[in-house]
Amino acid sequence: NDSMTDRRHYNAAAVPARGANSPGMGAAGGLKPAAPAASGAITVPGAINRNSTDAPAQGPLNAQEHYHARHTLDPHQNASTQSASQASRTSSVNESNIQGAPTVSRLPSLSRLSSAFSLNDPLNSARRKAKQQEAMQAANVDIAGSLDRMESWPQKRKGYFDLLLFFLFNVLYIVVLALQLRVGPSFAIDKGLRSVTVNQDSVTGVLTQADFWDYFVGADLKSGLVGRVFPDKWYNGDVIEQENLGFVESYNKLIGGLLLVQHRSDNNLTAACSDLSGSSYASFYSLCFKEKQMTSNFTTANGVVYPFSTQYDGHSVFFGVAEGHTNNLALAAKLKKDRFTDIETTALNVKFAMYNGHFALFTFVDISFKFDRNGVFNGGNHVDIQSVSIEPYLGSRPSDWTRLGLEIVFMIWLFKQITAFIKQVIVCNL
């Protein structure tokens, strides 16, 4: 080993030039045994003997001499002969150390020298090229094989399985939501109200306050929204029986009545317009709307006082179902005559609720009109119709029990996901 090589010292014989008459060479240029060494010296076959008379001047054995000492074997010798010679030299060196042979100098590591001088060896070059080719082949990625390994990888399978569970969770959520909203019956009621009772086309056509009153009470005070919500005659002119009063389009029972709510700006119109502050035209336009909503009672131009309702956040007027068709039409006509709406009106809402026993659904209708600063109801008109089941779990409907079972599964699944998420957050924070 290298540590022993650094510690051992020995005398070596001189390396002659190759030839027939050279010292240490046979007649055929081969190797012949060297002369016996002095007592205590180490004899290395084919090496320079510094203790002989034929040797050059004594001195340390340098790296080149050491290399020649190791590589002056006959090229025709086989690897086994070279290994035996190297083993003999190692044995001699160890024996010299034990006997206390004269020292020459410390030699460099044999392993480092052998690796340094083996770079030009054709055999090593071929081996290096073979290794480089193997590395290049290993670098080529087998895409198909990699994909197969990825698909068979347990983590990838788990990822696909989690993706499938996420998809099923969303499907379950949509199904439960659709069953709760009862989309089919709700859509049927919505379509009927928008087409006939509410008449959405007329709602979008309301642009001025005069258009609103024509829509609300009708030009003849009968064909407006109030007349359609509180009908009193059949299509042939016969009076509707008492037990059939209060129904909207035959099957939707009106609950309570109809509510009209007006939102007004603050009635202090003497303040100058803030946008015209410092303008030369401020004297031509001194009255402006205020963004602040009026929260007190207001008096119409005809001297009628209408109170402010904190419950509905505006000035409200209620048309009761018990009042009947005639009285409600008269009340609507009075509002129009009293100029219930004026320049301070910013928005109007018409609301009513119904119940349909065939679908077991409550329906809420909200028709809104927004009066813009350009003087018309500009794009703020909107109809909102919502139906909801107040009794979602009736034993007479199998679909209710199906929905109940799916809701239980959904809640358990949702609780499990929330628990897993909380655990992941705790682990990440730790």
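Residues numbered from 1 in each chain as written. Predicted model: local features only at pLDDT ≥ 70, side-chain atom pairs only at ≥ 80, totals over all residues. Heavy atoms only, no water.

Caption draft 1: How the structure looks around a nonpolar patch on the surface. On the surface, Phe161, Leu164, Phe167, Leu168, Val171 and Val175 cluster together into a nonpolar patch covering about 530 Å² of accessible area. With respect to the element layout, Val175 can be found in helix 7 (residues 154-181). (Patch = residues over 30% accessible without salt bridge, like charges linked within 9 Å, V, L, I, M, F, W, Y side chains within 5 Å. Areas by Shrake-Rupley, 256 points an atom, 1.4 Å probe, with all protein chains shown as cover. Salt bridge = Lys/Arg side-chain N within 4 Å of Asp/Glu carboxyl O. Helix = DSSP H or I, 4+ residues; strand = E, 2+ residues; numbered from the N terminus.)

Caption draft 2: Focus on helix 8 (residues 183-197). Taking 1.5 Å of rise per residue, the 15 residues of helix 8 would be expected to cover 21 Å, and the 20 Å separating its terminal C-alpha atoms lies within 8% of that figure. Asn199 occupies a position one or two residues after helix 8 and carries a positive phi of about 55 degrees. (Expected span 1.5 Å × (residues − 1).)

Caption draft 3: Up close: the pairing of strand 2 (residues 252-264). Burial analysis of strand 2 places 10 of its 13 residues in the buried class, the great majority of the element. In this structure, the hairpin formed by strand 1 (residues 247-248) and strand 2 is closed by a connection of three residues, where Glu249 is found at a positive phi of approximately 55 degrees. Two strands pair when backbone bridges link them, and strand 2 and strand 5 (residues 315-320) are joined in this way by six bridges, in the antiparallel orientation. Looking at strand 5, one finds that Leu259 is bridged to Phe318. (Buried < 20%, exposed > 50% of the residue type's maximum accessible area, 1.4 Å probe, protein only. Pairing = 2+ DSSP bridges.)

Caption draft 4: A look at the packing of helix 10 (residues 209-216) against helix 12 (residues 324-337). Direction vectors running N to C along helix 10 and helix 12 enclose 170 degrees, while the axes themselves pass 11 Å from each other. Classed by the angle they form, the pair helix 10 and helix 12 counts as roughly antiparallel. Only Ala332, Leu335 and Lys336 of helix 12 make contact with helix 10, whose side of the interface consists of Trp213, Asp214 and Phe216. Partitioned by chemical class, the residues of the contact of helix 10 with helix 12 number four nonpolar, no polar and two charged. (Axes fitted to C-alpha atoms, helices over the stretch in contact; angles between N-to-C directions. Parallel < 35°, antiparallel > 145°, perpendicular 65-115°, else oblique. Contact = heavy atoms within 4.5 Å. Nonpolar A, V, L, I, M, F, W, Y, C, P; charged D, E, K, R; others polar.)

Caption draft 5: Region of interest: the environment of Gly380. Residue position: Gly380 is located in the loop between strand 7 (361-370) and strand 8 (382-388). In sequence terms Gly380 and Ser368 are 12 residues apart; their C-alpha atoms lie 7.5 Å from each other. If sequence neighbours within four positions are ignored, Gly380 has contacts with Ser368, Phe369 and Lys370.

Caption draft 6: Molecular detail of unusual backbone geometry. You will see that Asn199, though not glycine, has its phi angle at about 55 degrees, which is positive. Although it is not a glycine, Arg339 adopts a positive phi angle of roughly 55 degrees. Assignment of secondary structure puts Arg339 in the loop between helix 12 and strand 6 (345-356). By relative accessible area, Arg339 is classed as partly exposed at 47%.

Caption draft 7: Geometry of the nonpolar core. Membership of the largest hydrophobic core comes to 39 residues, with the highest contact counts inside it found for Phe212, Phe216, Ile367 and Phe369. Not counting residues within four places of it along the chain, the set of residues in contact with Ile367 comprises Val198, Val203, Tyr215, Leu225, Leu348, Asn349, Val350, His382 and Val383. (Core = buried A, V, L, I, M, F, W, Y, C linked by side-chain atoms within 4.5 Å.)

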